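# Notes for the structure review
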Amino acid sequence: MFDDVHVITDVGRSEPITFEVKTGRCGLGRQSEVKRKIQAQQENLLKRQRMLDSMKKDYIASKSSQFDDLSAKRDLCKSQKVCEQLDSQQSVGKPGKWYFWPEVVLPLATDDDLDQDEEEDDVEIDDKLNEITEYLRSNYCYCVWCAIQFEDEEDMISNCPGGTSQAHND
């Protein structure tokens, strides 16, 4: 019977409880509260930094998109002018599509042409540019970005990097 009691008392702590002597004037739990506030501030700073990084990436993407759009519009205007000049040299009276020439030099439109224009007005700038570029390359062996009219298709293939501004920038 005493053996059972003795076994239970042997299970106690083998080392004494450690305690910490406070040297500062702050009360109990004050340091843990300060640590919690500092940790919350650091988390807020990290969230803010992530948000700023995200906003910066969005801004750069937006500006890049705007630059690409303006560049495509410039290239389209150049292509339209060149297309009109080359067509005029070949005595072509009317462009293949209404957007192949600049609007100022287009012949006066009839009612039938206006109906077609409304249907084709939904064409994106990049699509217009691609069609004009293909037209100039196939009919006149002309590259807008090289600004050269090549002698033939073989000459154009060997000397021109490609049919896009991207190919010329790389």
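Conventions and cut-offs
Residues numbered from 1 in each chain as written. Predicted model: local features only at pLDDT ≥ 70, side-chain atom pairs only at ≥ 80, totals over all residues. Heavy atoms only, no water. Axes fitted to C-alpha atoms, helices over the stretch in contact; angles between N-to-C directions. Helix = DSSP H or I, 4+ residues; strand = E, 2+ residues; numbered from the N terminus. Left-handed = near helix turned anticlockwise from the far one by under 90°. Contact = heavy atoms within 4.5 Å. Nonpolar A, V, L, I, M, F, W, Y, C, P; charged D, E, K, R; others polar. Phe/Tyr/Trp six-rings, centres within 6.5 Å; stacked < 30°, edge-to-face > 60°. Buried < 20%, exposed > 50% of the residue type's maximum accessible area, 1.4 Å probe, protein only. Disulfide = S-S within 2.5 Å. Patch = residues over 30% accessible without salt bridge, like charges linked within 9 Å, V, L, I, M, F, W, Y side chains within 5 Å. Areas by Shrake-Rupley, 256 points an atom, 1.4 Å probe, with all protein chains shown as cover. Salt bridge = Lys/Arg side-chain N within 4 Å of Asp/Glu carboxyl O. Lys, Arg positive; Asp, Glu negative; His and termini not counted. Charge placed at Lys NZ, Arg CZ, Asp CG, Glu CD. pLDDT = per-residue confidence, 0-100. Core = buried A, V, L, I, M, F, W, Y, C linked by side-chain atoms within 4.5 Å.

## A few points about the packing of helix 2 (residues 30-89) against helix 4 (residues 125-140)
Their axes nearest at 10 Å, the elements helix 2 and helix 4 cross at an angle of 35°. Handedness of the helix 2/helix 4 crossing: left-handed. Residues Ala72, Lys73, Asp75, Leu76, Ser79, Gln80, Val82, Cys83, Leu86 and Asp87 of helix 2 touch helix 4, and the partners they reach there are Ile125, Asp126, Lys128, Leu129, Ile132, Tyr135, Leu136 and Tyr140. By residue class, the composition of the contact of helix 2 with helix 4 is 11 nonpolar, 2 polar and 5 charged.

## Topic: the packing of aromatic side chains
Tallying each qualifying case throughout the model produces 4 aromatic pairs. Ring geometry for Tyr99 against Phe100: centres 5.7 Å apart, planes inclined by 75°, an arrangement best described as edge-to-face. The burial state of Tyr99 is the same as that of Phe100; both residues are buried. Cluster of aromatic residues (ring-pair linked, three or more members): Trp98, Tyr99, Phe100, Tyr135 and Tyr140.

## Structural notes on the state of the cysteines
The full count for this structure, using the stated rule, is 0 disulfides. Between Cys146, a cysteine without a disulfide, and Cys143, which holds the nearest cysteine sulfur, the sulfur-to-sulfur distance is 3.6 Å. When its relative accessible area of 21% is taken as the criterion, Cys146 is described as partly exposed.

## Looking at a negative patch on the surface
Negative charge collects at one region of the surface, where Asp68, Asp69, Glu124, Asp126 and Asp127 lie side by side. Elements with a contribution of two residues or more to the negative patch: helix 2 and helix 4. By the secondary structure assignment, Asp126 is in helix 4. For Asp126, a relative accessible area of 46% translates into the label partly exposed.

## A look at the confidence of the model for the protein
When pLDDT is averaged along the protein, the result is 84; 84% of the residues meet or exceed 70. Within the protein, the element-level pLDDT minimum falls on helix 1 (residues 2-9), averaging 49, and the maximum on helix 2, averaging 94. Scored below 50 in pLDDT, residues 3-7 makes 0 contacts in the model with residues more than four places away or belonging to other chains.

## Focus: the nonpolar core
Among the nonpolar cores identified, the biggest contains 15 residues, and Cys83, Phe100, Ile132, Leu136 and Tyr142 are the most heavily contacted of them. Elements supplying a minimum of two residues to this core: helix 2 and helix 4. The element contributing the most residues to this core is helix 4, with 5 residues. Those residues in contact with Ile132, other than ones at most four positions away along the chain, are Leu76, Ser79, Gln80, Cys83, Tyr99 and Phe100. By size, the runner-up hydrophobic cluster in this structure holds 5 residues, among which are Cys141, Cys143, Phe150 and Met156.

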